[in-house]
Amino acid sequence: MIQLAKKPDTKVNVDQEDVALLQSLAAIHFTFGRIERAINLLYLALWILPRDPETMRLMAIFCYRDGRFKYAASFVRAYELTGAPLPHDMTIIKQRCI
């Protein structure tokens with residue numbers, strides 16, 4: 001009789017893995033200048049995990065680089081609501097957009 005291997009116990013949630021994959025793909029698209037596609041991937045990541053601070057930070061950076069200053073400011077405000085301290089790049093975006 002063949003015995004199937006048990007799935008290893010993992011502490012990471014499947015949603016977090018999906019979001020990390022989408023963030024990586026967005027970073028690749030951003031590197032090659034496809035900012036619109038990167039932003040769309042991050043919107044999908046925010047749909048999966050709405051309060052993820054790292055995704056909101058990336059959205060603020062990408063929107064700022066694309067010239068969407070109102071969106072960048074709204075993601076900075078949403079990041080502040082998570083209670084996490086603002087990284088240096090987010091404080092620069094906050095000073096320039098808000």
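All values derive from a computational prediction rather than experimental measurement.

Asker: Help me understand the environment of A73, please; the structure alone is not making it clear to me.
Answerer: Mapped onto the secondary structure, A73 falls in helix α4 (residues 69–81). In this structure the C-alpha to C-alpha distance between A73 and R96, which are 23 residues apart in sequence, comes to 8.9 Å. The residues contacting A73, other than those within four sequence positions of it, are C97 and I98.

Asker: Help me understand helix α3 (residues 53–66) in this model?
Answerer: Since the α-helix packs 3.6 residues into each turn, any two residues three or four apart lie on the same face. For α3, with 14 residues, the first-to-last C-alpha span of 20 Å sits near the 20 Å given by 1.5 Å per residue. Within the sequence span of α3, burial applies to T55, M56, R57, L58, M59, A60, I61, F62 and C63. Lining the buried residues of α3 we find α1 (14–31), α2 (35–48), α4 and α5 (88–97). Just beyond α3, the residue with positive phi is G67, at close to 90 degrees.

Asker: Where do I start with α2 in this structure?
Answerer: Its 14 residues give α2 an end-to-end C-alpha distance of 20 Å, which sits within 8% of 20 Å, the value for a rise of 1.5 Å per residue. For α2, the set of buried residues is I35, A38, I39, L41, L42, A45 and L46. Here the buried residues of α2 occupy an arc of 160 degrees about the axis, which is enough to place them on one side. The inward-facing, buried residues of α2 contact α1, α3 and α4.

Asker: What's the story with the environment of L81 in this structure? I'm lost.
Answerer: With respect to the helices and strands, the residue L81 is situated in helix α4. Residue L81 is classed as exposed on the basis of its relative accessible area of 65%.

Asker: Sorry, what's going on with the packing of α2 against α3 here?
Answerer: The description of two packed helices rests on the angle between their axes and on the distance between the axes. For the pair α2 and α3, the least separation of the axes is 10 Å and the interaxial angle reads 155 degrees. For the element pair α2 / α3, the angle class is roughly antiparallel. The chirality of how α2 crosses α3 is left-handed. Where α2 abuts α3, its residues I35, E36, A38, I39, L42, Y43, A45 and L46 lie against T55, M56, L58, M59, F62, C63 and D66. Its residues assigned to classes, the contact of α2 with α3 shows 12 nonpolar, one polar and two charged.

Rules of the game
- Residues numbered from 1 in each chain as written.
- Predicted model: local features only at pLDDT ≥ 70, side-chain atom pairs only at ≥ 80, totals over all residues.
- Heavy atoms only, no water.
- Helix = DSSP H or I, 4+ residues; strand = E, 2+ residues; numbered from the N terminus.
- Contact = heavy atoms within 4.5 Å.
- Expected span 1.5 Å × (residues − 1).
- Buried < 20%, exposed > 50% of the residue type's maximum accessible area, 1.4 Å probe, protein only.
- Arc of directions from axis to C-beta.
- Axes fitted to C-alpha atoms, helices over the stretch in contact; angles between N-to-C directions.
- Parallel < 35°, antiparallel > 145°, perpendicular 65-115°, else oblique.
- Left-handed = near helix turned anticlockwise from the far one by under 90°.
- Nonpolar A, V, L, I, M, F, W, Y, C, P; charged D, E, K, R; others polar.

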